[in-house]
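Survey of secondary and tertiary structure
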Amino acid sequence: FDSYAAGSDLIKKWNLASSPWTWGATTGRTGGGGVSCAAGSAVGQLISSFIFGGVTTGIFHPGFYMKLTAGTPSTSGQVLLNFNDVGTSVEGCGVIRVKANGALEFINNGSSLIATGTTNVCDGNWHWYEFRYNPGASTVQTLYIDNNLEWTVTATPNNTPRGLNNLIFQQMNNGISILGLDDVIVYDNNSPNPVDANYPLGSREIITLRPTTDSAVQFTPIGGTGSNASCVNEVNADGDTSYVQDGTSGQQDLYNYGSISLAAVAINGIMLNGYAEDPAAGAFNMEQICKSGSTQTNGTSVALPTSYHVLQQQFAVDPNTTSAWTPAGVNAATFGV
């Protein structure tokens, strides 16, 4: 969330952020941007269908930081996480919620209790949650809180009648507020890195780096302050005010980026984000690219949408070494389109 500059940015990566979900410049765990629900007596939802997109089977691992009010819930039911196919507060094929004693429970379709925890998370502190969830299969379902095992149980979360289309964080009307949500990740068992064998990753942090200067550019800059990078490095994407454009197949822009300043123990990958559209007649495809050393890797070719959308491309390893990224490798690499 530290990549955002306004509440309106939320719907660029989330389908819905209903009141009282709000973005705040200092709400995040480390003082940067984050989201919260200040009202403990209101109901609100933060929903994404981009993450799952209708996938109904597989092993999924949501991880996130959350901070809840220090207090006692008036009733059981404060929902941390909800998977369903309707995009509302209807309880779905896997729900982690807070009990009246402040501990967590894992339920299925609103009735079947799968697991119960013991840690009181309603203490006003940030906690890291990492969940192993395999809907529709009799397999191990596991939750870690702050890198400590909270429960492990073999169960079959039923994906009937609810399906796995939406990832939903919910604020409920029980006197407890979600004071902060940050660093939300989801990985499955198909991507090159990480996969189920890496679970649990342990607490993670998402760092946002932006273009700083041109490396090698061919696109035409519109607006900005002269460089191509200046047209695409704004915190709050300004649409048609400043951008780069091109209509010639094979041409590309590569930009230098800001540097990672912390001593990372492990980097699980780079997620390149492009905010793009095709405003003209006819179809255009785009590839997001990474160049490290003398090696360039082109991402998946995707059709440009007819209105601005966030397009994401993962670079799981350093293409120059085919090994995990290091801070030095990230700092030296260039990325573009």
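The structure reproduced in this document is the subject of the present report. (Residues numbered from 1 in each chain as written. Predicted model: local features only at pLDDT ≥ 70, side-chain atom pairs only at ≥ 80, totals over all residues. Heavy atoms only, no water.)

Side note on the overall build of the protein chain
Inclusion rule: Where helices and strands are cited, they refer to DSSP runs of H or I of at least four residues and of E of at least two residues respectively, numbered from the N terminus. Note on exposure labels: buried denotes an accessible area under 20% of the residue type's maximum, exposed denotes more than 50%, and partly exposed covers the range between, all computed with a 1.4 Å probe on protein chains only. We call two residues in contact when some of their heavy atoms are within 4.5 Å.
Secondary structure assignment for the protein chain yields 2 helices and 25 strands. Taking the principal axes of its C-alpha atoms as reference, the protein chain extends roughly 60 × 40 × 40 Å. Counting across all 337 residues of the protein chain, residues that qualify as buried make up 47%. In the protein chain, of all internal contacts separated by at least 6 residues, the share reaching a separation of at least 24 is 65%.

Describing the sheet that holds strand β25 (residues 334–336)
Stated formally: Note on pairing: two strands pair once DSSP finds at least 2 bridges between them. Inter-axis angles, ranging from 0 to 180 degrees, are taken between N-to-C directions of lines fitted to C-alpha atoms, where helices are fitted over the stretch in contact.
Pairing in this open sheet of 5 strands is antiparallel, and the strands run β15-β18-β25-β21-β22 from one edge to the other. Strands with a single pairing partner mark the edges of an open sheet, and in this sheet they are β15 (211–216) and β22 (295–298). For this sheet, the mean inter-axis angle between neighbouring strands, taken without regard to orientation, is 30 degrees. Sheet analysis places strand β21 (residues 289–292) next to β25, joined by 3 bridges and oriented antiparallel. In the sheet register, I289 faces β25, and the bridge partner there is G336.

Some thoughts on the nonpolar core
We count it as follows: The definition of a nonpolar core used throughout is a set of buried Ala, Val, Leu, Ile, Met, Phe, Trp, Tyr and Cys residues joined through side-chain atoms within 4.5 Å.
Within the largest apolar cluster, 39 residues are counted, with the highest numbers of intra-cluster contacts made by F1, L80, L104, F169 and L181. Filtering out sequence-adjacent residues up to four positions away, F169 remains in contact with W14, W21, G44, Q45, L46, F64, M66, L80, L81, L181 and V184.

So, unusual backbone geometry
With an omega dihedral of 10 degrees, the bond running from S19 to P20 counts as a cis peptide bond. As for its placement among the helices and strands, P20 is situated in the loop between β1 (16–17) and β2 (21–24). In this structure, P200 follows Y199 across a cis peptide bond, with omega equal to -5 degrees. Locating P200 in the fold gives a position in the loop between β14 (178–187) and β15. In this model, D183 sits at a positive phi of 55 degrees, which is unusual for a non-glycine residue. Along the chain, D183 turns up in strand β14. For T322, which is not a glycine, the phi torsion comes out positive at approximately 55 degrees.

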